[in-house]
Amino acid sequence: MEKGLSGLRGRDFELSDAFYFSKKGLEAIVEDEVTQRFSSEELVSWNLLTRTNMNFQYISLRLTAVWVLGVLVRYCVLLPLRVTLAFIGISLLVIGTTLVGQLPDSSLKNWLSELVHLTCCRICVRALSGTIHYHNKQYRPQKGGICVANHTSPIDVLILTTDGCYAMVGQVHGGLMGIIQRAMVKACPHVWFERSEMKDRHLVTKRLKEHIADKKKLPILIFPEGTCINNTSVMMFKKGSFEIGGTIHPVAIKYNPQFGDAFWNSSKYNMVSYLLRMMTSWAIVCDVWYMPPMTREEGEDAVRFANRVKSAIAVQGGLTELPWDGGLKRAKVKDTFKEEQQKNYSKMLVGNGSL
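Cut-off values and rules
- Residues numbered from 1 in each chain as written.
- Predicted model: local features only at pLDDT ≥ 70, side-chain atom pairs only at ≥ 80, totals over all residues.
- Heavy atoms only, no water.
- Helix = DSSP H or I, 4+ residues; strand = E, 2+ residues; numbered from the N terminus.
- Buried < 20%, exposed > 50% of the residue type's maximum accessible area, 1.4 Å probe, protein only.
- Contact = heavy atoms within 4.5 Å.
- Areas by Shrake-Rupley, 256 points an atom, 1.4 Å probe, with all protein chains shown as cover.
- Axes fitted to C-alpha atoms, helices over the stretch in contact; angles between N-to-C directions.
- Parallel < 35°, antiparallel > 145°, perpendicular 65-115°, else oblique.
- Nonpolar A, V, L, I, M, F, W, Y, C, P; charged D, E, K, R; others polar.
- UniProt positions renumbered as here; feature names shortened; annotations may be inferred.
- Phe/Tyr/Trp six-rings, centres within 6.5 Å; stacked < 30°, edge-to-face > 60°.
- Lys NZ or Arg CZ within 6 Å of the ring centre and 35° of its normal.

Visitor: Outline the overall build of the chain, listing residues and values.
Guide: Regarding its fold elements, the chain presents 11 helices and nine strands. Buried positions account for 41% of the 355 residues belonging to the chain. Long-range pairs, those at least 24 residues apart, make up 75% of the contacts in the chain between residues at least 6 apart in sequence. Of the roughly 20100 Å² that the chain leaves accessible, carbon and sulfur atoms contribute 60%.

Right, dumping it as structure tokens:
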């Protein structure tokens, strides 16, 4: 903005200088670079799914007939098969981890636990007709490390655990999710927190440090963005994951929206509606890039380290790198941040920063 303004004005302030900021403000209202990241990505061509932000438009009878045929195939053939596979996968996961959890701690228990997790996750991915291409497998996260990845969907966990086992980090839930969590933690040292504990930052950090200190435990899987982004960009990484220490294993995930939109817009769809949309898509196609491990450099703080890892993931996945906090999905911009921008604008207008 400073470069653009310098070519339009003279040395002294003129009232017309305000037009440039008005223009930029109107452009941001029409289409800013943050809000559009929280809605489904627009496709270049229609994929015969109701996966677009545009309303229905009649084009031709032939195209309508093809779409109706696709609906019958997806809902009457693919959906029942996928629901059956998902039921089998979840049931085997709960039963398998519960049985393995009864064994004493040993290398046999760890091997059986990884076998159950891998098998069941692969069945669940088949329930979505998942086609995953893994790249640079020599850089797969190792035990005692931390795996960080960009976040698009709850199925990111399934995508990654199809190729290797991880220790999950998250809040304790109730219902079906709670049953799965309690069964999984019996067979594998996942890190679950109560709602009250999640607010205690020091307690969370302590438990994570204890986990990575044991080089025999599975790598921790963390999504530092803290919310789902529509897979066109990578937003700000929370610094907490990078204050723990240890080796960071970056992973870039890029979905192909042509076959199905994996993005979960949690403000628009609940989990059941989202899973229904996923299971009635043609397929879930994505690429996963494992990247060389990264460690914190001398004199580098957690924020700079987080930004360095984020930049590497964005470049590898072909995603746009944005400095904004994904929390803006539900929260308003802080007044202090607005004031800081206003100060920058005034300095641009005045030129030397003083009246």
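On we go.
Visitor: Which residues make up the packing of helix α3 (residues 61-101) against helix α4 (residues 107-126), and what values go with them?
Guide: Where α3 meets α4, the closest approach of the two axes is 8 Å, and the angle between their N-to-C directions is 170 degrees. Relative to α4, α3 is oriented roughly antiparallel. Two secondary-structure elements touch here, α3 through Leu85, Gly89, Ile90, Leu92, Leu93, Gly96, Thr97, Val100 and Gly101 and α4 through Lys109, Leu112, Ser113, Val116, His117, Cys120, Ile123, Cys124 and Arg126. A per-class count over the contact of α3 with α4 returns 10 nonpolar, six polar and two charged.

Visitor: Can you lay out the UniProt feature "transmembrane region" (unreviewed entry) in the chain for me, pointing to particular residues and giving the numbers?
Guide: Sites flagged by UniProt as "transmembrane region" (unreviewed entry) map to residues 56-77 and 84-103. Along residues 84-103 one finds 90% helix and 0% strand; the C-alpha atoms at either end are 29 Å apart.

Visitor: Provide a residue-level description of the environment of Val66, including the pertinent values.
Guide: Its place among the elements puts Val66 in helix α3. Between the alpha carbons of Val66 and Leu48 there is a distance of 8.1 Å; along the sequence they are 18 residues apart.

Visitor: Describe the packing of aromatic side chains, with residues and values.
Guide: Counting across every chain of the model gives four aromatic pairs. For the ring pair Tyr134 and Tyr290, a centre distance of 6.1 Å and an interplane angle of 10 degrees mean the geometry is stacked. Of this pair, Tyr134 sits in strand β1 (residues 130-135) while Tyr290 sits in strand β8 (residues 284-290), and the two are 156 residues apart along the sequence. Judged by centre distance (5.9 Å) and plane angle (40 degrees), the ring pair of Trp264 and Tyr274 falls under tilted. Residue Trp264 is found in the loop between β7 (248-256) and α9 (271-279), and its partner Tyr274 is found in helix α9; the two are separated by 10 residues along the sequence. Just as Trp264 is buried, Tyr274 falls in that class too. Lying across the ring of Trp282, Arg74 places its NZ or CZ 5.5 Å from the centre.

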